[in-house]
Amino acid sequence: MGKIHEKVKSVAWPTIWLILACYSVWAIALWVLPLGPNIIVAGFAIAFHASLQHEVIHGHPTRWQWVNDAMIWPPLTLVVPYARFKATHLAHHNDATLTDPYDDPETNYLAPDIWDDLPRILRTVLRANNTLAGRLSIGPLVGTGGFLLCEWRMRNVSVVWGWLLHIPAVSIVLAVVIAAPMPVWAYYIAAYLGLSLLRLRTFLEHQAHERASGRSVIIEDRGLFAFLFLNNNFHVVHHMHPKVAWYKLPALYRARRDHYLRRNGGYLYPSYAAILRQYLWRAKDPVAHPLWRR
């Protein structure tokens, strides 16, 4: 089963068409739409571009990774260098360390000893960030701040190189934005909206669990957000078969639904709407990792 579609053998044309469509929608938002609607459309295009970056990181849409990277390199979010996103996300795919407060770069948990030493005001902010309302509102600030702090503390050659490559890439994006009719301040709001939408995807992708296989979620959603996130809601399937293209994940899940739910211990939600109803004002998890050994 682990061999299913694990190699990219041909061009994934659906992904190429989506990349072209994403840039087209982004350009329409910048150059054509009136103020207000352009912020919303640009925000969704920015979030969708990040989903496409995730797809490219896993080896799509061609067998030549440098071609794939070139298609998706521009940082439409402005704040996340593609090279650093790629490096940290591939490190995240070491399933043995999923949710590890130290070794999983994408974890939402802190080690209990670090949590205990935080100032009260910061703990209040992080508790609020663990509700869905908080994640969607202050989540981009909290997440980006934490990411930048980790990057600053590492400061190794790969981190510095990733940020150096980011400078010309983000300069090109900003040059396009400045040349467009859309005000720069409006684009900043759109970028924040895009980052906020991505927080809906990552809100409960992973949970603390004794078994690595029980840490990744299944959200049986087939609506707007499933498309926006390129079916990454079938997250345990993605982690088991990270090379499988986004458009094959639903069928792969349906074919062996019971298998994947046994695999993740029934960590299942029916839709993003159900998640919104259940966790909008309530935290799903504590900030401190509940299973971490001191």
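This is a predicted model, so every value here is computed, not measured.

Quick notes on the rules
Residues numbered from 1 in each chain as written. Predicted model: local features only at pLDDT ≥ 70, side-chain atom pairs only at ≥ 80, totals over all residues. Heavy atoms only, no water. Core = buried A, V, L, I, M, F, W, Y, C linked by side-chain atoms within 4.5 Å. Buried < 20%, exposed > 50% of the residue type's maximum accessible area, 1.4 Å probe, protein only. Helix = DSSP H or I, 4+ residues; strand = E, 2+ residues; numbered from the N terminus. Contact = heavy atoms within 4.5 Å. Axes fitted to C-alpha atoms, helices over the stretch in contact; angles between N-to-C directions. Parallel < 35°, antiparallel > 145°, perpendicular 65-115°, else oblique. Left-handed = near helix turned anticlockwise from the far one by under 90°. Nonpolar A, V, L, I, M, F, W, Y, C, P; charged D, E, K, R; others polar.

Caption draft 1: Structural view of the nonpolar core. In terms of nonpolar packing, the biggest core is built from 30 residues, with Phe-48, Leu-52, Leu-204, Ile-219, Tyr-269, Ile-275 and Tyr-279 touching the most fellow members. For this core, the elements supplying multiple residues, two or more each, are helix H1 (13–31), helix H2 (37–57), helix H4 (82–92), helix H10 (184–202) and helix H15 (272–279). Counting residues per element, this core draws most heavily on H2, at six residues. Ignoring anything within four residues of it in the chain, the contact list for Leu-204 reads Val-217, Ile-219, Tyr-267, Tyr-269, Ile-275, Tyr-279 and Lys-284. Judged by nonpolar contacts, the second largest core, of 18 residues, contains Leu-78, Met-182, Ala-186 and Ala-191.

Caption draft 2: Layout of the packing of helix H9 (residues 157–179) against H10. Put simply, H9 and H10 touch, their axes get as near as 9 Å, and they point 130 degrees apart. If you check the angle between H9 and H10, you find them oblique. Crossing of H9 against H10: the hand is right-handed. Residues Val-173, Leu-174, Val-177 and Ile-178 of H9 form the contact with H10, whose participating residues are Val-184, Tyr-187 and Tyr-188. The class makeup of the residues in the contact of H9 with H10 is seven nonpolar, no polar and no charged.

Caption draft 3: Fine view of the environment of Val-236. On the secondary structure map, Val-236 appears in helix H12 (residues 235–240). Judged by relative accessible area, Val-236 falls into the buried class, the value being 3%. Val-236 has contacts with Ser-213, Ser-216, Val-217, Ile-218, Tyr-260, Arg-263 and Asn-264, leaving out every residue within four places of it along the chain.

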